[in-house]
Amino acid sequence: MPHSIVIFGASGDLTQRKLIPALYQLHRKGRLPDDTRVVGFSRTKFTHDEWRASLTESTQKFAGDNFDAESWGEFAQKIFYHPGDIGQAEDFAELDKMLVELEGDGESERVYYLSTAPRFYGPAAEMLGKSGMADESNGPRRVVIEKPFGTDGETASKLNAVVHSHFAEHQVYRIDHYLGKETVQNLMVLRFANSIFEPIWNRNYINHVQITVAEEVDIGSRAGYYETAGIIRDMFQNHILQLMMITAMEAPVKYAADPVRDEKVKVLQAVRPMTPEMLTADTFRGQYDGYLQEKDVAPDSQTATFAAMKLWIDNWRWQGVPFYLRSGKAMSCRTTQIVIRFRRPPHMLFENTSRNCEANQLVIQVQPAEGIQMHFQTKVPDQGMRFRQTDLDFRYDREFRGVMPEAYERLLLDALEGDASLFARADEVEAAWSICDPILQHWQNENQPPVYKYERGFWGPMESTEWMRETGREWFDTC
Ligand code: BG6
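Residues numbered from 1 in each chain as written. Predicted model: local features only at pLDDT ≥ 70, side-chain atom pairs only at ≥ 80, totals over all residues. Heavy atoms only, no water.

(A) Highlighting the pattern of salt bridges. The tally for this structure, following the rule as stated, stands at 34 salt bridges. Among the ionic pairs, Glu-406 bridges to Lys-18, the shortest N-O distance being 3.3 Å. Separated by 388 residues along the polypeptide, Glu-406 in the loop between helix H11 (396-399) and helix H12 (407-417) and Lys-18 in helix H1 (residues 13-28) bring together distant segments of the chain. What makes Glu-406 partly exposed here is its relative accessible area of 40%. The exposure class of Lys-18 is partly exposed, given its relative accessible area of 23%. Glu-263 is the salt-bridge partner of Lys-266, the closest N and O atoms lying 3.2 Å from each other. Of the two residues, Lys-266 and Glu-263 both sit in helix H9 (residues 257-270), three residues apart, roughly one turn of that helix. By relative accessible area, which is 45% here, Lys-266 ends up partly exposed. When salt bridges that share partners are traced, they join Asp-258, Arg-261, Asp-262, Arg-425 and Asp-427 into one network. (Salt bridge = Lys/Arg side-chain N within 4 Å of Asp/Glu carboxyl O. Helix = DSSP H or I, 4+ residues; strand = E, 2+ residues; numbered from the N terminus. Buried < 20%, exposed > 50% of the residue type's maximum accessible area, 1.4 Å probe, protein only.)

(B) Looking closely at the nonpolar core. Membership of the largest hydrophobic core comes to 141 residues, with the highest contact counts inside it found for Ile-232, Met-244 and Leu-325. Of the residues forming this core, the biggest block, 13 residues, is contributed by helix H8 (residues 223-248). Apart from residues lying up to four places away in sequence, Leu-325 is in contact with Ile-211, Phe-236, Ile-240, Leu-241, Met-244, Ala-307, Ala-308, Met-309, Leu-311 and Trp-475. (Core = buried A, V, L, I, M, F, W, Y, C linked by side-chain atoms within 4.5 Å. Contact = heavy atoms within 4.5 Å.)

(C) Quick peek at the sheet that holds strand S14 (residues 387-395). The sheet built from nine strands is open, its strands ordered S14-S13-S12-S11-S7-S10-S9-S8-S15 with mixed pairing. Across the chains shown, the open sheet's two edge strands, defined by having one partner strand only, are S14 and strand S15 (451-454). Each neighbouring strand pair of the sheet contributes to a mean axis angle of 20 degrees, computed without reference to strand direction. By the bridge criterion, four bridges tie strand S8 (residues 283-288) to S15 in an arrangement that is parallel. Paired with Arg-285 across the strands is Val-451, a residue of S15. Across the sheet, H8 is in contact with strand S7 (206-214), strand S9 (306-312), strand S10 (322-328) and strand S11 (335-342); its angle to S10 comes to roughly 140 degrees. Docked against the sheet, helix H13 (residues 426-444) engages S8 and S9, running at close to 65 degrees with respect to S8. (Pairing = 2+ DSSP bridges. Axes fitted to C-alpha atoms, helices over the stretch in contact; angles between N-to-C directions.)

This is how it looks when you write it as structure tokens:
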């Protein structure tokens, strides 16, 4: 069956930086279904050749060493363009006509990728529906919707309603590129394709869990977006809660879209609702020095570029185990890691050594040094019963040859093949907002909590270290 992927917002940054390079790599690896075409749609008046030429340049830049003229030449033949406006029904009718001409008369599979400004997600879904392009009588029709999905629970639920009035849920693919990362998928493999971790993956053995997504970059030229988003909407509602769900979920009955998503949603449903006291004590926000001087940032902006929080998951597995989540821009280094901190041994039989006895720790390095480390105590040779912490260290780059694929490769292929396991479901997105909304509302009350300043290149505000210490724990600040 012919496949088409139509990118709305084709002249945008994401298309050039991520979508086209990912589709091109899929082509190079021979993974794109035969007879696939990529059609761009946006207001810029490109011809097919002009769009191809602009993509040649951008893909050369973003694909780097993974670009070669021959395979690009083949791939470029699959690229087409249709200028159009999301508000114009005639433009959708013409686009549909062009797709039918390219695909031929029979059945076809189509993916509509909404990579536009978020305010166009609803209108685009509506136009696709009204023009009959969501109708599946001539083959599968799927819509991929980029983040941010709404700006709070209410807008997300309205957007879901608009989308659902034209597409059934099985046709909707809400993308979160963190789910396309190899190491995030490997977290499921680590937990559910091994038998040694699951028995200890619970409150009986785990003291707490830390999830950190630190970025070295600042907001760059994205102030317009970032001032309205801030760190909670930009990173927590989506990426960080996704990492938490996969860390905390029960084993699904099988690896398929609904069983996986059922278990993930249950985690969010079990998150203890925050009282005003918890919101004050257990959430923390910061802003890097110099943020207020960034272009287009309000001089008195309270936007958080760093946040940390403690969540509780009220179920049998996790009762009493805090989950510490944090993320920030302009931090010490780029690192995403999940740290499982186990309990200390219940009784120390080696005299005078208990002070050195660090709890065991499993560190899942999501990026950039993808791997897993297990920290455990080992006897120092020839020094009585002294011991110190040592590591079992698994690194992807030592174990597997070849570069890690971009998250978008996996996700685009899954969308083309109709596998929604790594995409968020409607209820999941709304449940994630129900955790973030009270925090955002609480932070709107002036100085609740204060916005702590931090120097660029640090692990967030000093106060966040103190905040953690008060709980008798320490952040795992390792690049
Ligand atoms: C995006 C955020 O979703 O994720 C960005 O909007 C952030 O602000 C990016 O920088 C981080 O993604 P990654 O894959 O580089 O960790």
